[in-house]
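The lines below spell out each chain.
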Amino acid sequence: MRSWHLLCVCLLSLCIPASPALGQVKVKSHPPAVKTRTFDPKAPPADMPPLKAGEAAVCESKFACEVQLDVEITQPPAGKPTAKVAGVDAALRLTVIIWLPTEASKKIRDHEEGHRQISQVFYERGEKVANELAQKYVGKQLDIAGIEQTHTRPVIERLAHEFCQEYLGAIEVPSQTV
C-alpha cells in the first residue's frame, strides 16, 4: 500500500519582442482532480499501476506543471542578440487516482485516503513555491545565438523544463518520502 507518483511535465514557450508587463508572474493552481477506481484483484486493468508484493491497493498521484515564458529579445544593429525572461505564467495540476480492490476493507480505504491527503497537502504549497521560483526566473538572461526560432525556441524550452523540474523537485519529490 504505497503512494505511487508519476512525474508529468507539460511545457509551453512563447517568444515576444517586447513585453509591456515586464516582470509579470502569474501562477494558477487548479483544483485537484480525485477519482476512485475499483478493480478485480485477479484481473487488474491494464492502466492500473502494478501492485508490489503484499499490496492490496495503490494511490496514484500525478503532479503537473505547465509554464509559458515571455521572453524579450533584442537585436542591436551590430552585435549579438540578447534575450531576457520578462514574465512567467504557470499552471499547476494534481490528479489523484485511488485504486481499490472491489472488496476493500475500511482499513485499506482509509490508508489510501491518507496517501491522497498527503499529496494534497504538498500540492497546497505549490502555488507559493511556484511564485517564488517564477520571481527568480524573471530577469534571467538567456544565451542565444540568433533571433530566429531555431536558435531561441530550444533555449526557452530548456528553461521552461528547468522551471518545472525545480517545481516538481520541491513539491512532488518530498511528497513521496512521507
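Nothing here was measured: the structure is a model prediction, and the numbers come from that model. Per chain, residue numbering runs from 1 following the sequence as it is written. Note on the predicted model: pLDDT of at least 70 is required for a residue's local features to be given, and 80 or more for side-chain atom pairs to be given and counted; whole-chain, interface and lining totals, by contrast, use all residues. Water and hydrogen atoms were dropped before computing side-chain values, which therefore reflect all heavy atoms in the structure.

Trainee: Give a description of the state of the cysteines that names residues and reports values.
Mentor: Note on terminology: disulfide denotes any pair of cysteine sulfur atoms within 2.5 Å. Scanning all chains against the criterion turns up one disulfide. Shown here is the disulfide that connects C65 with C164, its sulfur atoms set 2.4 Å apart. Between C65 and C164 the sulfur-sulfur dihedral comes to about -70°; the bridge is accordingly left-handed. Taken together, the positions of C65 in strand 5 (residues 58-74) and C164 in helix 3 (residues 149-175) put the pair 99 residues apart, joining distant regions of the chain. Residue C65 shares its accessibility class with C164, and that shared class is buried. Helix and strand labels come from DSSP, where a helix needs a run of H or I of at least four residues and a strand needs a run of E of at least two; each type is numbered from the N terminus. For the exposure calls, accessible area comes from a 1.4 Å probe over protein chains only, and a residue counts as buried if that area is under 20% of its type's maximum, exposed if over 50%, partly exposed in between.

Trainee: Mind laying out the packing of aromatic side chains, listing which residues take part and the relevant values?
Mentor: Stacked, edge-to-face and tilted labels apply to pairs of Phe, Tyr and Trp rings (six-membered ring for Trp) whose centres lie within 6.5 Å, assigned for plane angles under 30 degrees, over 60, and everything in between, in that order. Per the counting criterion, the structure on display carries one aromatic pair. The interplanar angle of 80° and the centroid separation of 5.4 Å between the aromatic rings of Y137 and F163 together place this pair among those described as edge-to-face. In this pair, Y137 is assigned in helix 2 (residues 126-137) and F163 in helix 3, connecting sequence segments 26 residues apart. The burial state of Y137 is the same as that of F163; both residues are buried. Throughout this description, the term charge over a ring refers to an Arg CZ or Lys NZ atom that lies within 6 Å of the ring centre and within 35 degrees of the ring normal. Directly above the aromatic system of F122 lies the positively charged group of R125, at a separation of 4.5 Å from the ring centroid.

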